[in-house]
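Tertiary structure, described
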Amino acid sequence: MIERRPFSTLGGADHGWLNAKHHFSFAGYHDPRRMGWGALRVWNDDTIAPGTGFPPHPHSDMEIITYVREGAITHRDNLGNEGRTEAGDVQVMSAGSGITHSEYNLEPGTTRIFQIWIIPTETGKPPSWGAKPFPRGERSGRFVALASGFADDADALPLRTDARVLGATLKAGESTTYVLADGRQAYLVPSTGSVEINGVKLDARDGAAIRNEPALRVTALEDAELVLVDAAA
């Protein structure tokens, strides 16, 4: 089963400095049919104006992954962590027992991010934060784990959940396959470009909610950059 969720149907709000689109219920957007997808709870598509951002605010017991689509985001938290994550790169915040952080676009231009929240399998652990560059060339033509709760994904940023976040870049006409194990659900969004996944067409920023599909055959209809979450059902 692959359910296409066109970008135009997503919930959201335009706050001026922030134009947010929500694949799942979040903040003022509530749709009882879209409360999450397995352990995946939030997928926000945020456009952040230059010189603005999210002021300090708390989180606990959530795995929060930020994939930067364009520009850069600067993170600060009460643990003393500070870092700038650029387009194509990823940061992970394991909120654990509690963390307060801010995320600002300190760049001269617009920043665009996917912010992904996944419910952890471990709660009350010490909070942590990390970021890592993932050059697009390393995920050319295939899916590469960017953040993962599986020890086998040694090069990925660690997650405290039974899930992985993957990225891929495909040239027009290029295909790749991802095997989805029994009992798993996936959610895929093209950051750029259009693709077909098992024959279902997705345009940039559309979502695809996937289950009971043992193999995902993705073909780029034009140059595309993809983000995929493989999570426990």
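Residues numbered from 1 in each chain as written. Predicted model: local features only at pLDDT ≥ 70, side-chain atom pairs only at ≥ 80, totals over all residues. Heavy atoms only, no water.

Looking at an unreviewed UniProt entry, one finds the protein chain named Pirin family protein, with Dyella lutea as its source organism.

1. What about the overall build of the protein chain?
The cut-off we apply is this: Put simply, DSSP H or I for four residues or longer makes a helix, DSSP E for two residues or longer makes a strand, and each gets a number counted from the N terminus. In this scheme, a residue with accessible area under 20% of its type's maximum is buried, one over 50% is exposed, and one in between is partly exposed, where area comes from a 1.4 Å probe on protein chains only. By definition in these notes, contact holds between two residues if any of their heavy atoms fall within 4.5 Å. Methods summary: accessible areas were calculated by the Shrake-Rupley approach with a probe of 1.4 Å, and residue burial reflects only the protein chains presented. Counted as positive: Lys and Arg. Counted as negative: Asp and Glu, with His and the chain ends omitted from the count. Taken as the charge location is NZ of Lys, CZ of Arg, CG of Asp or CD of Glu.
Within the protein chain, the regular secondary structure consists of zero helices and 22 strands. Each of the 233 residues in the protein chain was classed as buried or not, and the buried ones make up 54%. In the protein chain, the share of contacts with a sequence separation of at least 24, taken over all contacts with a separation of at least 6, comes to 72%. Per element, the accessible surface of the protein chain, about 9600 Å² overall, is 50% carbon and sulfur. Mean positive and mean negative side-chain charge positions of the protein chain (23 and 30 charges, respectively) differ by 3 Å.

2. Here we look at the environment of Asp45
Rules: The term polar contact refers here to a pair of N or O atoms within 3.5 Å; inside protein, the definition further demands a hydrogen-donor-capable atom paired with an acceptor-capable atom, and it admits residues adjacent in sequence only when both atoms are side-chain atoms.
Assignment of secondary structure puts Asp45 in strand S4 (residues 40-48). Note: C-alpha distance between Asp45 and Tyr67 (22 residues apart in sequence) is 9.8 Å. Not counting residues within four places of it along the chain, the set of residues in contact with Asp45 comprises Phe7, Asn19, Ala20, Lys21, Arg69, Ile113, Phe114 and Arg205. Within the structure, Asp45 has its side chain in polar contact with the side chain of Arg205 (distance 2.9 Å).

3. Section: the pattern of salt bridges
Applied cut-off: For this analysis, a salt bridge means a side-chain nitrogen from Lys or Arg found within 4 Å of a carboxyl oxygen belonging to Asp or Glu.
Within the structure shown, the criterion is met by 18 salt bridges. The salt bridge involving Arg136 is made with Glu225; its shortest N-O contact spans 2.9 Å. Residue Arg136 is located in the loop between strand S12 (128-132) and strand S13 (144-148), and its partner Glu225 is located in strand S22 (residues 224-232); the two are separated by 89 residues in the primary sequence. A relative accessible area of 34% means that Arg136 is categorised as partly exposed. Three or more residues joined by partner-sharing salt bridges are found here, namely Asp153, Asp162, Arg164, Arg184 and Asp230.

4. A look at the packing of aromatic side chains
The criterion, for reference: A pair of Phe, Tyr and Trp rings is counted when the ring centres sit within 6.5 Å of each other, with Trp represented by its six-membered ring. The angle between the planes then sorts it: under 30 degrees is stacked, over 60 is edge-to-face, the rest tilted.
Applying the stated criterion across every chain yields a total of seven aromatic pairs. Here Phe26 and Trp117 contribute two aromatic rings whose centre-to-centre distance is 5.4 Å and whose plane-to-plane angle is 85 degrees, an arrangement assigned as edge-to-face. Of this pair, Phe26 sits in the loop between strand S3 (18-22) and S4 while Trp117 sits in strand S11 (residues 111-118); the two residues are 91 residues apart in sequence, bridging distant segments of the chain. Its relative accessible area of 22% is what places Phe26 among the partly exposed residues. Of the residues examined, Trp117 reaches a relative accessible area of 14% and is grouped as buried. Centroid distance Trp43 to Phe114: 5.6 Å. Interplanar angle 65 degrees. Geometry classified as edge-to-face.

5. Some thoughts on the sheet that holds strand S5 (residues 52-59)
The condition is simple: Criterion used throughout: strands pair if DSSP finds at least two bridges between them. Axes, fitted as lines to C-alpha atoms, cover a helix only where it is in contact. Angles between the N-to-C directions of the axes lie from 0 to 180 degrees.
Reading across from one edge, S5-S10-S7-S8 is the order of the four strands in this open sheet, with antiparallel pairing throughout. Edge positions in the sheet fall to S5 and strand S8 (82-86), since each has one partner strand and no second. Strand-to-strand twist of the sheet, defined as the mean angle between neighbouring strand axes without regard to direction, takes the value 20 degrees. As judged from the five bridges shared by strand S7 (residues 72-77) and S8, these two strands associate in the antiparallel manner. Following the sheet pairing, Arg76 is matched in S8 by Glu82.

6. Overview of the side chain of His23
Within the element layout of this structure, His23 appears in the loop between S3 and S4. With relative accessibility at 0%, the residue His23 sits in the buried group. Other than its neighbours up to four places away in sequence, His23 contacts Arg5, Leu10, Arg34, Trp43, Tyr187, Val189, Arg205, Asp206 and Gly207.

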